[in-house]
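Structural overview
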Amino acid sequence: MDGAQAGGVTAPLLPVLQRRIAAEGPITVAAFMADCLLHPEHGYYRTREAIGLGGDFVTAPEISQMFGELLGLWAADYWQKLGCPDRCYLVELGPGRGTLMRDALRAARALPAFRRAAQPLLVEASERLREMQHRLLAGEMAQWHDDIAALPTDAPVIVLANEFLDALPVRQFQRGDDGGWHERRIALAGDGSSLCFMLDPRSLPFEELLPPELRDAPHGVIVESSPAVRAVASEIAARLRKQGGAALFIDYGYDRPGFGETLQAVFRHAYADPLAQPGLADLTAHVDFISFARAAQRGGAGVWGPVGQGAFLASLGISMRAAKLKQQAAPGKAADIDRDLQRLTAPEEMGTLFKVMALTAPEAPQPAGFS
Ligand code: SAH
């Protein structure tokens, strides 16, 4: 067999992974995730129409223009708190279709001096999504970078990142019957035609991998740890210390350590087996906001939150924005705006599962939305 079937489509990444595992032995969950999402030829973000109604999942900026607009105003407000510097970088990490940045920049025009000062920069790994962002942001003088390390260092940065951290690879560990922690890996199943999880028999030094709260975790528990997420926290913290500014991260995640296994695959708006169709389904993991915050603090940043997305958007005035849009809406469209508002803020929808955390330079002013 040369590929897994997914809705009539074959997964061309499967034979690539099979060869890799045959050569190297079982691979970590993080290596699997990285290949599935960003393999140069067959990675999900490089080949698939991921985001939006016709894709696999819908994100907050795709639900309503209110989301990006309020984040644009949040950025403009922080620029004022920084003392209205002549220049700053408005950075978005993982911009998807570019909708958030488009809406943020439109809202930012309410403060023309901010719009003039702010240079939009997008950090995007997928060439395909970059092209889409280019089209949507024509005329905005935006620039693109491959990774955070390539961003310029000569002015304050205001960073926005929605559903970026959940796309970064996680490692998984399970506490074995021997009391030691073992890495979960992905191996070839039975006849070699499909993939399965296995537990590495070697046990690993706990301290380097996992937060101290898990020291007495029960046997059998699976936990996740993301060096890539912590690296983003450290890198952004270092920039905020040197350049000044603030960074806003919004994602689904948890705010206590050791939450369990959260790796999930989504294919055409439905959950799927993460190993069944590598490269064809989106793969994400919930964000461990506590480990993220600790890494940022170690890097010297101020940390705000996490607060629920519902409370955050409410405190930025989303109800007022919705009321205004309803006044201007075509007959029959007001109900859609109410429904979008509910989706973004209600506790049973995105309001509490999605969390918002801000990082700032140390001793810097408090960003809006965290009171
Ligand atoms: N923020 C968007 C898209 C979220 S999907 C929205 O809210 O709609 C995740 C985004 O992160 C995609 O644009 C994907 O290509 C990008 N991405 C994933 N891993 C990345 C990495 N390591 N470096 C840069 N971009 C990455």
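Basis of the calculations
- Residues numbered from 1 in each chain as written.
- Predicted model: local features only at pLDDT ≥ 70, side-chain atom pairs only at ≥ 80, totals over all residues.
- Heavy atoms only, no water.
- Helix = DSSP H or I, 4+ residues; strand = E, 2+ residues; numbered from the N terminus.
- Rg over C-alpha atoms; globule rule 2.2 N^0.38 Å.
- Contact = heavy atoms within 4.5 Å.
- Areas by Shrake-Rupley, 256 points an atom, 1.4 Å probe, with all protein chains shown as cover.
- Lys, Arg positive; Asp, Glu negative; His and termini not counted.
- Charge placed at Lys NZ, Arg CZ, Asp CG, Glu CD.
- Near = heavy atom within 4 Å.
- Polar contact = N/O pair within 3.5 Å; in protein donor to acceptor, adjacent residues only side chain to side chain.
- Nonpolar A, V, L, I, M, F, W, Y, C, P; charged D, E, K, R; others polar.
- Buried < 20%, exposed > 50% of the residue type's maximum accessible area, 1.4 Å probe, protein only.
- Core = buried A, V, L, I, M, F, W, Y, C linked by side-chain atoms within 4.5 Å.

Broken down by element type, the protein carries 15 helices and 18 strands. On C-alpha atoms alone, the protein measures out to a radius of gyration of 21 Å, which is about the 21 Å that the 2.2 N^0.38 rule sets for 371 residues. Overall size of the protein, expressed as C-alpha extent along the three principal axes, is 60 × 45 × 40 Å. Summarising the internal contacts of the protein: among those between residues at least 6 apart in sequence, 73% fall at separations of at least 24. Approximately 15600 Å² of the protein is accessible, and the part contributed by carbon and sulfur atoms is 52%. Taken together, the 36 basic and 44 acidic charged side chains of the protein have centroids lying 5 Å from each other.

This next bit is on the site of the ligand. Near the ligand there are 19 residues, and of these Thr59, Gly94, Gly96, Glu124 and Asn162 occur at the shortest range. In this structure, a nitrogen atom belonging to the ligand sits 2.7 Å away from a main-chain N or O atom of glycine 94. Between the ligand and alanine 125, the relevant distance is 3.3 Å, taken from a nitrogen atom to a main-chain nitrogen or oxygen of the residue. Across the complex, the protein chains shield 93% of the 570 Å² of accessible surface that the ligand would expose by itself. Considering only residue class, the shell around the ligand consists of eleven nonpolar, five polar and three charged.

Our focus in this paragraph is the side chain of threonine 360. Relative to the helices and strands, threonine 360 resides in strand β18 (residues 354–360). A relative accessible area of 0% means that threonine 360 is categorised as buried. At 3.0 Å, the side chain of threonine 360 forms a polar contact with the side chain of tryptophan 304. The residues contacting threonine 360, other than those within four sequence positions of it, are Tyr78, Leu240, Gly245, Ala246, Ala301, Gly302, Trp304, Pro365 and Pro367.

Once that is clear, we can look at the nonpolar core. Formed by 48 residues in total, the largest nonpolar core has its most connected members in Trp74, Phe114, Leu248 and Phe312. Ranked by residue count, the leading element in this core is helix α5 (residues 65–81), at nine residues. The contacts of phenylalanine 312, once residues within four sequence positions are left out, are Leu71, Trp74, Leu248, Val307, Val356, Ala368, Gly369 and Phe370.

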